[in-house]
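# What the coordinates show
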Amino acid sequence: KAGVTQTPRYLIKTRGQQVTLSCSPISGHRSVSWYQQTPGQGLQFLFEYFSETQRNKGNFPGRFSGRQFSNSRSEMNVSTLELGDSALYLCASSLQGYFTEAFFGQGTRLTVV
Amino acid sequence: AQTVTQSQPEMSVQEAETVTLSCTYDTSESDYYLFWYKQPPSRQMILVIRQEAYKQQNATENRFSVNFQKAAKSFSLKISDSQLGDAAMYFCADGGSQGNLIFGKGTKLSVKP
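Let me sum up the structure you'll find in this document.

### Concerning the overall build of chain B
Assigned secondary structure in chain B consists of 0 helices and 12 strands. Listing each helix as α and each strand as β along chain B from the N terminus yields β-β-β-β-β-β-β-β-β-β-β-β. Its C-alpha atoms give chain B a radius of gyration of 13 Å, within 12% of the compact-globule value 13 Å for 113 residues. Surface accessibility of chain B: about 5,500 Å² in total, with carbon and sulfur atoms responsible for 46%. Taking the average place of the 11 positive charges on the side chains of chain B and the average place of its 11 negative ones, the gap between the two points comes to 3 Å.

### Structural notes on the packing of aromatic side chains
In the structure shown here, the tally under the stated rule is 14 aromatic pairs over all chains. When the centroid spacing of 5.8 Å and the interplanar angle of 45° are considered together, the rings of Tyr35(A) and Phe104(A) count as tilted. Of the two residues, Tyr35(A) is situated in strand E4 (residues 31-38) and Phe104(A) in strand E10 (residues 103-104); the sequence distance between them amounts to 69 residues. Each ring, one from Trp36(B) and one from Phe75(B), has its centre 6.2 Å from the other, and the planes form 25°; the classification is stacked.

### Here's the deal with the sheet that holds strand E1 (residues 5-7) of chain A
Residues and elements named next belong to chain A. Overall, antiparallel pairing links the 4 strands, which are arranged E1-E3-E8-E7 in an open sheet. Single-partner strands in this sheet number two, and they are E1 and strand E7 (64-68). The average angle at which neighbouring strand axes cross in this sheet is 15°, direction not considered.

### Some thoughts on the interface of chain B and chain A
Across the boundary between the two partners, chain B contributes 21 residues, which contact 22 residues of chain A. Between chain B and chain A, the buried area comes to about 1,900 Å², and carbon and sulfur atoms account for 54% of it. When residues of chain B are sorted by the area they lose upon contact with chain A, Arg43(B), Gln44(B) and Gly99(B) head the list and together hold 24% of the total. At the junction of chain B with chain A, the criterion picks out 1 salt bridge. In this structure, the salt-bridge partner of Glu101(A) is Arg50(B), at a minimum N-O distance of 2.2 Å. Linking chain B with chain A are 7 residue pairs in polar contact (both at pLDDT 80 or more). Those elements that place two or more of their residues in the side of chain B that touches chain A are strand E5 (33-39), strand E6 (46-52), strand E10 (88-95) and strand E11 (101-103) of chain B. Among the elements that line the side of chain B that touches chain A, the one with the most residues is E5(B), at 4 residues. Class assignment of the residues belonging to the side of chain B that touches chain A gives a composition of 9 nonpolar, 8 polar and 4 charged.

The rules behind these values
Residues numbered from 1 in each chain as written. Chains lettered and ligands numbered in written order. Predicted model: local features only at pLDDT ≥ 70, side-chain atom pairs only at ≥ 80, totals over all residues. Heavy atoms only, no water. Helix = DSSP H or I, 4+ residues; strand = E, 2+ residues; numbered from the N terminus. Rg over C-alpha atoms; globule rule 2.2 N^0.38 Å. Areas by Shrake-Rupley, 256 points an atom, 1.4 Å probe, with all protein chains shown as cover. Lys, Arg positive; Asp, Glu negative; His and termini not counted. Charge placed at Lys NZ, Arg CZ, Asp CG, Glu CD. Phe/Tyr/Trp six-rings, centres within 6.5 Å; stacked < 30°, edge-to-face > 60°. Pairing = 2+ DSSP bridges. Axes fitted to C-alpha atoms, helices over the stretch in contact; angles between N-to-C directions. Contact = heavy atoms within 4.5 Å. Buried area = accessible area lost by both parts, 1.4 Å probe. Salt bridge = Lys/Arg side-chain N within 4 Å of Asp/Glu carboxyl O. Polar contact = N/O pair within 3.5 Å; in protein donor to acceptor, adjacent residues only side chain to side chain. Nonpolar A, V, L, I, M, F, W, Y, C, P; charged D, E, K, R; others polar.

This is how it looks when you write it as structure tokens:
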């Protein structure tokens, strides 16, 4: 069974640009969550999608958005990039989201210069 | 708000010895799951062990076991017969009904040969 796949693995962008990250969950998993990991703030929840609907959202500005497709693949978008958006973005998939363990991808390392 | 606290930023253990990583959590939910994740230098989060809050029996996975004290809201991880490959960041996480995981700041475990 293939694991969670995130693309790209590494990304360098300039301030003000926008970026789209992709996540393909484990087959059969309908929940996809996104997390931002930084040395200062640790792991912070961005949002969770289940069956193409955003069910839960963390405390991030509106520049961070996401969506989920009918095949459960998910994308997250960050517009008007700021230096502080430099982070490791992790995607996690699970069967139903709550009360089930999440399986993580290898992450996308985003650097904003 | 839910919080997870890991009071040991760094720990060190001798190979083949036993080490215990501490975690406390604060949740108002009656039903929740607790997890320990390992993050090696590759950055991929790997599930180590999970505990359902309604189960009194402590979870065990090979060399990994937990000491779950529900009344004290404590969830420590014991690693027996430590191996060099156990060296990593370990994150304690609380998963409830909101569909997201609340992570602690992590404990960096070093294993000395």
